[in-house]
Amino acid sequence: QQQVKQSPQSLIVQKGGISIINCAYENTAFDYFPWYQQFPGKGPALLIAIRPDVSEKKEGRFTISFNKSAKQFSLHIMDSQPGDSATYFCAASTGSYIPTFGRGTSLIVHP
Amino acid sequence: GAVVSQHPSWVICKSGTSVKIECRSLDFQATTMFWYRQFPKQSLMLMATSNEGSKATYEQGVEKDKFLINHASLTLSTLTVTSAHPEDSSFYICSAKGRGQDTQYFGPGTRLTVL
């Protein structure tokens with residue numbers, strides 16, 4: 001199965017700080033890279049997604065940076081808030097391939 | 001946005017009984033649905049993928065006779081846990097993709113507790 005490696009496993013950030021979560025993939029055929037946010041007891045919700053034809057995508061405080069040559073992409077959460085405390089999953093997919101998920105990052109934002 | 005619902009949101013059953021979980025795409029046609037299992041503080045474990053009108057494809061190690069998946073229409077898939085045992089207790093989450101869509105949309109999950 002294709003792998004997507006996500007790090008760190010857990011992250012603690014102070015309110016107002018920047019949270020950075022990284023993912024690396026192996027399959028160069030992947031062409032869609034979403035990030036999901038999951039709160040305890042809830043299903044994952046799509047946060048933001050990027051395709052390889054752009055190097056960065058920003059939506060509010062959330063930014064994806066994409067490095068095609070390094071096969072890496074990352075999620076940046078600017079001005080992190082306690083309400084951002086959740087588990088974040090990166091994923092990669094293409095066409096008929098079953099989407100592959102990272103193992104998740106538990107983010108805690110201290111007030 | 002695309003909405004996926006799951007029912008029930010939680011269920012408690014006795015060991016040996018069967019439980020059915022429904023997954024519905026409310027505002028789009030889901031040509032592909034996925035079923036995941038998630039243990040506390042762990043990642044999503046894909047159990048099976050189902051395409052409308054076809055038999056589900058199960059991941060290695062998932063018992064197809066225990067976890068029955070039906071995707072009878074473009075808006076409904078069901079997961080039936082047969083002869084449930086305490087070790088089947090978990091959080092089950094479905095997701096759905098529409099034809100030509102890249103994004104899969106997740107349901108809110110179902111917490112199954114087997115006594």
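Located above this text is the structure these notes cover.
Counting of residues starts from 1 at the beginning of each chain's written sequence and follows it residue by residue. Chains and ligands are labelled sequentially in the order written, the chains with letters from A and the ligands with numbers from 1. Residue-level local features of this predicted model are given only where pLDDT is at least 70; pairs of side-chain atoms are given and counted only at 80 or more, and the full residue set underlies all totals for whole chains, interfaces and linings. As a rule here, side-chain values come from all non-hydrogen atoms in the structure, and water together with hydrogens is ignored.

**Observations concerning the sheet that holds strand S7 (residues 62-67) of chain A**
All names here are of chain A. Ordered in space as S1-S3-S8-S7-S6, the five strands form an open sheet in which the pairing is antiparallel. Strands at the two margins of the open sheet, each flanked by one partner only, are strand S1 (4-7) and strand S6 (56-59). Strand-to-strand twist across the sheet, computed as the mean angle between neighbouring axes with direction ignored, equals 15 degrees. Relative to strand S8 (residues 72-77), strand S3 (residues 19-25) runs antiparallel, the two sharing six bridges. Bridging from a neighbouring strand, Ala24 pairs with Gln72 of S8. Strand pairing is defined by DSSP finding a minimum of two bridges between the two strands. By the criteria applied, helices consist of DSSP H or I runs no shorter than four residues and strands consist of E runs no shorter than two, each listed in order from the N terminus. In this analysis, axes come from line fits to C-alpha atoms, helices being fitted only over the stretch in contact, and the angle between any two N-to-C directions falls in the range 0 to 180 degrees.

**Some thoughts on the state of the cysteines**
Two cysteines joined by a covalent bond between their sulfur atoms form a disulfide. By convention in this document, the label disulfide applies to cysteine sulfur atom pairs within 2.5 Å. By the definition in use, this model includes two disulfides over all chains. Paired by a disulfide, Cys23(A) and Cys90(A) hold their sulfur atoms 1.8 Å apart. Between Cys23(A) and Cys90(A) the disulfide shows an S-S torsion of about -95 degrees. By sign, it is left-handed. Of the two residues, Cys23(A) is situated in strand S3 and Cys90(A) in strand S9 (residues 86-92); the sequence distance between them amounts to 67 residues. A single burial state applies to Cys23(A) and to Cys90(A), both of which are buried. Linked covalently through their sulfurs, Cys23(B) and Cys94(B) form a disulfide whose S-S length is 2.0 Å. Because the sign of the S-S torsion sets the handedness, a value of about 80 degrees for the bond joining Cys23(B) and Cys94(B) places this disulfide among the right-handed ones. With a gap of 71 residues between them, Cys23(B) in strand S3 (residues 19-25) and Cys94(B) in strand S9 (residues 90-98) connect regions that are remote in the sequence. Summarising the burial analysis for this pair, Cys23(B) and Cys94(B) share the class buried. Take Cys13(B): it sits in no disulfide, and the sulfur closest to it among the cysteines is that of Cys94(B), at 18 Å. Think of it in three bands: residues with accessible area under 20% of the maximum for their type are buried, residues over 50% are exposed, and the middle band is partly exposed, with areas taken using a 1.4 Å probe on protein chains only. For Cys13(B), a relative accessible area of 9% corresponds to the buried category.

**A few points about unusual backbone geometry**
For the bond running from Ser7(A) to Pro8(A), omega is -5 degrees, close enough to zero to count as cis. When you line up the elements, Pro8(A) lands in the loop between S1 and strand S2 (10-14). The peptide bond linking His7(B) to Pro8(B) adopts the cis configuration, its omega dihedral lying at 0 degrees. Tracing the sequence through the fold places Pro8(B) in the loop between strand S1 (4-7) and strand S2 (10-13). Despite not being glycine, Lys41(B) has its phi angle at roughly 60 degrees, a positive value. Relative to the helices and strands, Lys41(B) is located in the loop between strand S4 (30-38) and strand S5 (44-51). By relative accessible area, Lys41(B) is classed as exposed at 88%.

These figures capture arrangement, not role.
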